[in-house]
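A look at the structure
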Amino acid sequence: QVQLVESGGGLVQPGGSLRLSCAASGSIFGIMGWYRQAPGKQRELVAAITRSGSTNYADSAKGRFTIPRDNAKNMVYLQMNSLKPEDTAVYYCNVASLLGTREYWGQGTQVTVSS
């Protein structure tokens, strides 16, 4: 049974940093990524990383966020720097099976950027 456990959200001031963690278990995973959903908006991709380390970032995340991954531990992280109020959202970990035939979602973690 696949389980995703997210941690690391919270309240941070503009310009600050946060690091989200997602611990995945129960399988071997392909693409791992982070999505976010702000109130009244659709869920959107923030960043994703393949098993070999290729990354994809939303334009809003480029230059500020990075998505490290540890295959041995089945962990994916989202390092967020220079946070802005518009980064406020619930952040969700998303992982795909190795063949990409199934995907799984974490429970979400709230990130609030406010002074």
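Below or above, wherever it landed, is the structure these notes cover. Note that the structure is a prediction, hence the values are computed from the model and not measured.

With that out of the way, let us pick up the overall build of the chain. Tallying secondary structure elements over the chain gives zero helices and twelve strands in all. Counting from the amino terminus, the chain carries its helices and strands in the arrangement β-β-β-β-β-β-β-β-β-β-β-β. Taking 2.2 N^0.38 as the reference for a compact globule, 115 residues should give roughly 13 Å; the C-alpha atoms of the chain span a radius of gyration of 13 Å, in line with that estimate. For the chain, the spread of C-alpha atoms along the principal axes amounts to about 40 × 25 × 25 Å. Excluding contacts between residues fewer than 6 apart, the proportion of contacts in the chain whose partners are at least 24 apart in sequence is 53%. Taken as a whole, the chain presents about 6,100 Å² of accessible surface, with 48% of it coming from carbon and sulfur. Counting 11 positive and 7 negative side-chain charges, the chain places the centres of these two groups 4 Å from one another.

Across soluble globular proteins, nonpolar side chains have a tendency to be buried as a group. Within the largest apolar cluster, 26 residues are counted, with the highest numbers of intra-cluster contacts made by Trp-34, Val-46, Phe-65, Val-76, Leu-78, Met-80 and Tyr-91. Of all the secondary structure elements, the ones that give two or more residues to this core are β3 (18-25), β4 (29-37), β5 (44-49), β9 (75-80), β10 (89-97) and β12 (109-113). The residues contacting Val-76, other than those within four sequence positions of it, are Leu-20, Ser-21, Cys-22, Met-32, Trp-34, Ile-49, Ile-67, Pro-68, Arg-69 and Cys-93.

This next bit is on the state of the cysteines. Counted according to the given criterion, the structure contains one disulfide. Across the disulfide, Cys-22 is cross-linked to Cys-93 (sulfur-sulfur distance 2.1 Å). Measuring the twist about the S-S bond at about -80°, one finds the Cys-22-Cys-93 disulfide to be left-handed. Here Cys-22, found in strand β3, pairs with Cys-93, found in strand β10; they are 71 residues apart in sequence, far enough to count as distant. Taking relative accessible area as the criterion, Cys-93 reaches 0% and is therefore assigned buried.

Applying the stated criterion across every chain, the model contains four salt bridges. Among the salt bridges present, the one from Arg-36 reaches Glu-44, with a minimum N-O distance of 2.8 Å. Judged by its relative accessible area of 36%, Glu-44 falls in the partly exposed class. Note that Arg-64 is salt-bridged to Asp-87, the shortest N-O span being 2.7 Å. With a gap of 23 residues between them, Arg-64 in the loop between β6 (55-57) and β7 (65-66) and Asp-87 in the loop between β9 and β10 connect regions that are remote in the sequence.

Reading the values: rules and limits
- Residues numbered from 1 in each chain as written.
- Predicted model: local features only at pLDDT ≥ 70, side-chain atom pairs only at ≥ 80, totals over all residues.
- Heavy atoms only, no water.
- Helix = DSSP H or I, 4+ residues; strand = E, 2+ residues; numbered from the N terminus.
- Rg over C-alpha atoms; globule rule 2.2 N^0.38 Å.
- Contact = heavy atoms within 4.5 Å.
- Areas by Shrake-Rupley, 256 points an atom, 1.4 Å probe, with all protein chains shown as cover.
- Lys, Arg positive; Asp, Glu negative; His and termini not counted.
- Charge placed at Lys NZ, Arg CZ, Asp CG, Glu CD.
- Core = buried A, V, L, I, M, F, W, Y, C linked by side-chain atoms within 4.5 Å.
- Buried < 20%, exposed > 50% of the residue type's maximum accessible area, 1.4 Å probe, protein only.
- Disulfide = S-S within 2.5 Å.
- Salt bridge = Lys/Arg side-chain N within 4 Å of Asp/Glu carboxyl O.

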